[in-house]
Each structure stands twice: as C-alpha cells, then as structure tokens.
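Structure assessment
Below are the chains, spelled out letter by letter.
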Amino acid sequence: MRSTQVPAGALTVFGLGAALLTASVAIDVHVGDAHVPAWTQEVGWTFAALGLIQLALGVVVLWHRRRHPIGWALVGLGMLWVLDGLAQSYVRLAVAEQDTLPGLTWVMWFLFRFTAVLPLAAAGVLLLFPDGLPRGRWRRAGWASLSLMATGLTLFVVVPSTQDEIDASLAELTPGADTDPTSIEALRPLADEALTVSWVLATAGFVLALVTVMARYRRSRGGERERMRWLAWAVLAMTLLIATSLLVDVAALNAFFLGAALLVGPVAMVVAIVRPDVVSVENLLVRTLVYGGISVVIVAADLLALAIVSATLGDQFGQRQVVLLVLLLAAVLYGPLRLRIEAAVRRLVLGERRDPYDVVANLASTLERTDEDGAQLGAVAEAVAAAFGLSFVQVEVDRSAGERLVASRGDRPGQVRSFPLTYRSRTIGRITVPAHGVRNHLSERDEVLLADVVRQAAAAIRASQLSDELQRSREQLVLAREEERRRIRRDLHDGLGPSLSAVVFRLESARLTLAADPHDADVQLTETREVVQEIIKDVRRLVHDLRPPALDDRGLVGALSQLAEHAEAGPRVSVEASFTGTLPAAVEVAAFRIASEAMNNARRHAHAGTCSVTLWTEDDDLVLEIADDGVGIAADAQSGVGLVSLRERAAELGGSIDLRCPPDGGTTVTARLPLHGRTTA
C-alpha cells in the first residue's frame, strides 16, 4: 500500500547527502586544474552526484512503500557513493596542497580500501529485489554470496598494499598521513597471494549472487515475474551502455555512458516497484534489443569501411570525408536494418503475432490435418502458444452430458485470464493464457488477433463436435428405437398377452358353466371384467409412455396444469404461457418431460415452497422456464441423472438447458427448444 509520508530517517540521509555533494563540488572547484597525479585527476563530485540520485530513488520507493527493503538499500548505497565522491575530492585537495588535512588518513583508507564494499552493496541490492531476500534454499545461497564477498573485503582491508609507486607518491604528497592504517604487516610476505584469494572470494560471491537472482527470475510468477522483467531490461541496457562507452574515445561521453549504466539498474528497480505498468516492458525490451543491434551493426560497418578506406587512400581521406562516410553508411543501413532486426527480435521475444495472416493460415492448415476433438484442441493450444510466444495455453471445450475436454501446453502460472470460445453466440469453451509476463503480454492488437484465432478454432471445434454429436445421435436413435421396440414387445408379451389369454379362459369357463350354474358363471364374468379393466390400465400406461394423452386432449399448457393439479404433496405450482398456435409433437413431448422432471426435482430435492412454470416463444424457439424457491444446488455438485436427462432431451431437438442458482436462493431451469415446423392457429 502507498504511504503518505516519507520516513524522517530517509529525508535526513538525503539532506545530508545533498550537503556532502555541495561540499564535494566546492572542493573540486577550489582545486580546479591544479597539477595532481593521474590517479587523482577524476573529480569526486560526479560520483557524489550519482549517489545523490540513488538516494532520491530510494526516497521515492519509501514514499510509496514505507518499509520496502529496496528503498532503504538504495538510500544506503547512494550514501556510500556520496561518501566515495567526497573522499575523492578531499584526497585531490590534500594532494594539490601537499598538506596533511584533518582525518586524511581515514579518508584515504575509505577511498582506497573500504569502497571495495561497493560490489558487495550492489549484490545486496540485487538479492533484495523485488521484495526482500529470496525464500527457500536460495535464501541460503544469498547469504552465502554475501558472506563470501564480506570475507574477501575483510581480507582486502587487512592485507598490506602492493602498489608501491602509488603509496610512495601519496607519502610524498601527503606527509604525515598513513596510507594503509588497517594492514597487518605480518601478512606482507603473502600479500600477493592474499589479495588473489580476496579477489577470488569476492568474485565467487558476486557470481553466486547473480546465479541466485537468475534462479529467482526463473521461479517467479505473476506480478513478481513482471517486476523481474524490469531487472532483465536493466541488465540489457547496462550491457549496451558499457559497450558503447568502450567504443567512445571522448572522455565526457565515456563518463556519461558509464554513469547512465550505473543508474539504469536502480531506476528500473524503482519503476518496477512503484509503477511497473507505466510503460510496456515488453516493448521496452524489444526496442532496446532493436536499437542496440542497429548500433552495433552500424558501428561495425563504419569501422570496417574506415579501415578499408584508410588502407586504400591513406592520409588523402580527411576528417570531413570520414564524417560524410559515417553519415552515409548510417543513412543507408538504418532503415533496412531496423526493419529486419525488429522483425527478428519480435519473433524471438513475442512469437509470430506480428504476422496475423501467417498465424491464421498456420492454424487453419493444422486443423485441416486433425479430426478428433482431443487432437484439435492440442493443435489449437500449440498454434496459439507458438504464434503469440506464450509460456502457457489451455483450451477447454464443454461437451454434452456435462463432460469437459481439456488440452494444455506449458506449466500453468499463478495468475491467468480466460477468453471464451463462442460459436453463434453460444459459449462452447474457453482458452486460458497467462495474465503477466513479457512474452505473455497481449496488447489490444494482439487480443483482436487472438479473438480471430479463437473464432476460427471455435468454428472448427464446433464443426467436429456437431459431426460427433450427429453420429452419436444416429446411434442413440437406433438404440432408442430398438429399446422402445423391446419394451413394447416385453409389455405386450409379458403383460397384455397372458392377461388376454386369462380373459379367454375365463370367458370359456363361464360359457361352459352358464347352463348348469348361472350364478357361478356370473361371478366368473364379474372377475373377467375386473381383469379387462386392469388390461385397459396397462394399455393406457403404454400409450402414456409413448405420448401423454393429455397433450392431445388439452395441449401442452393444459397437460402441465393437470400435472401440477394431480401432483403429490409438494410446492404450489403455477403454469403461465404467452404463445399461440400448435407446437410440433416432439417439442410438446420434450417440454412436458423436462417440466415434469424439474417439478419433481423441486419437490423431492429442493424442498421448495413454490414453483413457477413459464412458457413463451422467442426467435423461433420455445422457451420453458421452471423456477423454484428451494435450497438450490451446490456450486461443486456433479450433474445427476435427472439433469443429464434434461440436457439430453433438449439436445435431441437441437436445444439447450441452462441451470442457474440466483444469489437469493432457489433454482431456475431454462430450456430452449427450436420450433421447426410450428403452425399458427
């Protein structure tokens, strides 16, 4: 959370740093161009200025996040640079005046010995970024790296100096000052070896710190990965700035590039912590690589051309001609190089998303070669990951009967976002991609391209689904027909057949006994009548199972009202309809069965007090809504046999079932059934 007040300690240190910078500037102005040895010619205020900028960056972090470790680390590192610059100016003053100034011994010790702590401090800042030391085993690695560097620094401080010429010059220019107050003379015979060990320890510690930072980057996820991207950009920018400084032979420009290289890391850290979304780090990385690559190629071409011209023409090629040649090469090479390098870098960093036609064409070609749903989903995931350079892609498709088909590529990150797979306004699944990361960042243009890819994939997947559903429907129709025939045969053979045979036997028995015993014949006929009545009930049951007679007698609305009136104890059911005309027979049966099952669920499972059944037509569909005020359905509940049956009945006609549980309770089942062949009254 952003704080509203900068810690007083940080402001105090910043004020002290500003005062020390002023003192450094005053000393350097006073010394001016005085004759001093080469190793003290650099003015100190430039280093102090770099330190004050880092102090200011630390204050900015602490203004936004009062206790953030990077804020305090930058404040400490900045003050160390300010003191280093002031010490440089103070020693230059002492050398220029050849006098032993107050505290000069310890100022020289700080400048020539203790400032070796700067790499240790820089490594510490890297290890703390972005929110403190890493966790787990890499925290131990971080502490180990700092311990190695601290040991190397301590050894460097106590080993006697081996730079005899500089020590002698200092002793001559600053009489009375001890140039090496903390050295242990007993180590002088082993000074070279000890300094080598010191250098090895410090280097090993710094390398271990870099390895720890790299491991932290690879393990980072979500927002932490996004902030670590800024550090990656800073490393790239520092490399380019340092390389440029090595190629520039102008002292002022060289110092500028080196200073920028020292500051780009802290600036990137502050941006990553305070406003990581101020600019797209993805575009920043790409442009840095592009223009850095262009600069390298142009400089190399200039040097090669100058070498060839110099070898050919010698001194005849003047400075003006050199400048014209450099400008000409830059003008000729810049345009083509920028386009080619930018295309290559974007392809490397972002994938193929910059060429929409290739993305869509490759996906279409891939889908043409695959037929099965699973293979198509895998092809879509692979194509999207390759086209957009994404580290993770997951494609999910909802199938009938509550099934879900999933295909993924890569490891799922902590934060993701999903885009719906829709076909003709119907959601058939979703595609999930990472929410953060350079390669995973999607601009508005990328999202438009992804939407086009998703639509194409949805059409292909839906076509495959429809083909599979059609085949399954054919199989189900054949199976249903044969099962229905088997059931009717069984009912006729096992039920009506024996019953009718019994009636024949009873009638024959009554006929034979009618003359001899009329009373007994009457009893047999009475029993036969009861058997016939049971047979009639069985016939009615068979007819009802095929098609409820109430649908023919009273229509769909009347049949549902009758069903509600004759229902067992349960919720109060109301039936309302707002359409006219005759419905197709198949739609009537499906709507009646769906409403009957939903009302039964409201009574048996939801324990509802009221239940409403509403019917209306919309866009050539019959919409049937059954809503109750019961206990609802748990979010993690699996689809039961009843719900699966509802979906199957709707799907048989090309319709759909939507099940919702409103926040205020209850359950709402909405069925949409196409009205093909409907007639109006």
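Higher on the page you've got the structure.
Okay, so let's go over this structure. (Residues numbered from 1 in each chain as written. Predicted model: local features only at pLDDT ≥ 70, side-chain atom pairs only at ≥ 80, totals over all residues. Heavy atoms only, no water.)

What the chain contains, in helices and strands, is 19 helices and nine strands. Per-residue burial for the chain yields a buried fraction of 39% across its 681 residues. In the structure as shown, the chain presents an accessible area of about 37200 Å², 59% of it carried by carbon and sulfur atoms. (Helix = DSSP H or I, 4+ residues; strand = E, 2+ residues; numbered from the N terminus. Buried < 20%, exposed > 50% of the residue type's maximum accessible area, 1.4 Å probe, protein only. Areas by Shrake-Rupley, 256 points an atom, 1.4 Å probe, with all protein chains shown as cover.)

Moving on: the packing of helix 2 (residues 45-64) against helix 3 (residues 69-97). Running from N to C, helix 2 and helix 3 point in directions that differ by 165 degrees, and their axes come no closer than 7 Å. With respect to each other, helix 2 and helix 3 are oriented roughly antiparallel. The crossing of helix 2 and helix 3 is left-handed. Contacts between helix 2 and helix 3 involve Trp45, Phe47, Ala48, Gly51, Leu52, Gln54, Leu55, Leu57, Gly58, Val59, Val61 and Leu62 from the first element and Gly71, Trp72, Leu74, Val75, Leu77, Gly78, Met79, Trp81, Val82, Asp84, Gly85 and Ser89 from the second. Tallied by class, the residues present in the contact of helix 2 with helix 3 amount to 16 nonpolar, seven polar and one charged. (Axes fitted to C-alpha atoms, helices over the stretch in contact; angles between N-to-C directions. Parallel < 35°, antiparallel > 145°, perpendicular 65-115°, else oblique. Left-handed = near helix turned anticlockwise from the far one by under 90°. Contact = heavy atoms within 4.5 Å. Nonpolar A, V, L, I, M, F, W, Y, C, P; charged D, E, K, R; others polar.)

Taken in spatial order, the five strands make up an open sheet running 5-6-7-9-8, and their pairing is mixed. Looking at strand neighbours, the two that pair on one side only are strand 5 (572-577) and strand 8 (656-660), the edges of this open sheet. Shown here is a sheet whose adjacent strand axes are inclined to one another by a mean of 15 degrees, direction ignored. By the bridge criterion, eight bridges tie strand 7 (residues 621-628) to strand 9 (residues 667-674) in an arrangement that is antiparallel. By the bridge assignment for strand 9, Ile626 is matched with Val669. Of the strands in this sheet, strand 5, strand 6 (610-618) and strand 7 touch helix 17 (residues 549-565), which is tilted by about 175 degrees from strand 5. Its contacts with the sheet put helix 18 (residues 585-604) on strand 5, strand 6, strand 7, strand 8 and strand 9, and the angle it makes with strand 7 is roughly 10 degrees. (Pairing = 2+ DSSP bridges.)

The α-helix winds at 3.6 residues per turn, so residues separated by three or four positions along the chain end up facing the same way. Here helix 3 spans 42 Å end to end across 29 residues, near enough to the 42 Å set by a 1.5 Å rise per residue. With 23 of its 29 residues buried, helix 3 lies for the most part within the structure. Gln98 sits one or two residues past helix 3 and shows a positive phi near 50 degrees. (Expected span 1.5 Å × (residues − 1).)

Turning our eyes to something else, we now look at the nonpolar core. Leu104, Val125, Phe129, Leu231 and Trp233 are the most contacted members of the largest nonpolar core, which has 66 residues in total. Residues within four places of Trp233 in sequence aside, it is in contact with Val264, Ala268, Leu284, Leu285 and Thr288. (Core = buried A, V, L, I, M, F, W, Y, C linked by side-chain atoms within 4.5 Å.)

With that settled, consider the packing of aromatic side chains. Evaluation of the coordinates by the stated rule reveals five aromatic pairs. With a centroid separation of 6.3 Å and an interplanar angle of 10 degrees, the aromatic rings of Phe47 and Trp81 are classed as stacked. You can see Phe47 sitting in helix 2 and its partner Trp81 sitting in helix 3, a full 34 residues away along the chain. Take Trp81: its relative accessible area is 13%, and that puts it in the buried class. (Phe/Tyr/Trp six-rings, centres within 6.5 Å; stacked < 30°, edge-to-face > 60°.)

A few words now on the packing of helix 5 (residues 117-128) against helix 8 (residues 191-219). Closest axis-to-axis distance for the helix 5/helix 8 pair is 9 Å, and the angle between their directions is 15 degrees. The angle between helix 5 and helix 8 places the two elements in the roughly parallel class. Where helix 5 crosses over helix 8, the two elements pack in a sense that is left-handed. Of helix 8, the residues touching helix 5 (which contributes Pro119, Ala123, Leu126, Leu127 and Leu128) are Phe206, Ala209, Leu210, Thr212, Val213 and Arg216. Split into classes, the residues belonging to the contact of helix 5 with helix 8 amount to nine nonpolar, one polar and one charged.

Looking now at a nonpolar patch on the surface. On the surface, Val25, Val29 and Trp45 cluster together into a nonpolar patch covering about 270 Å² of accessible area. Counting through the fold element by element, Trp45 comes out in helix 2. A relative accessible area of 38% places Trp45 in the partly exposed class. (Patch = residues over 30% accessible without salt bridge, like charges linked within 9 Å, V, L, I, M, F, W, Y side chains within 5 Å. Salt bridge = Lys/Arg side-chain N within 4 Å of Asp/Glu carboxyl O.)

Let's shift gears to the pattern of salt bridges. If you walk through the whole model with that rule in mind, you get seven salt bridges. Here Asp28 makes a salt bridge to Arg92, at a shortest N to O gap of 3.2 Å. Of this pair, Asp28 sits in helix 1 (residues 8-31) while Arg92 sits in helix 3; the two residues are 64 residues apart in sequence, bridging distant segments of the chain. By relative accessible area, Asp28 is classed as buried at 6%. Linking Arg216 and Asp131 is a salt bridge whose minimum nitrogen-to-oxygen distance equals 2.7 Å. Here Arg216 is found in helix 8, whereas its partner Asp131 is found in the loop between helix 5 and helix 6 (137-158), with 85 residues between them in sequence. On the accessibility criterion, Arg216 (9% relative accessible area) is buried. With relative accessibility at 34%, the residue Asp131 sits in the partly exposed group.

Before going further, it helps to examine the environment of Val25. Among the secondary structure elements, Val25 is positioned in helix 1. Overall, Val25 belongs to the partly exposed group, its relative accessible area being 32%. Sequence-wise, Val25 and Ala48 are 23 residues apart; in three dimensions their C-alpha atoms are separated by 8.8 Å.

Further remarks concern a positive patch on the surface. A cluster of basic residues, Arg135, Arg137, Arg139, Arg140 and Arg219, forms a positive patch on the protein surface. Looking at which element gives the most residues to the positive patch, the answer is helix 6, with three residues. (Lys, Arg positive; Asp, Glu negative; His and termini not counted. Charge placed at Lys NZ, Arg CZ, Asp CG, Glu CD.)

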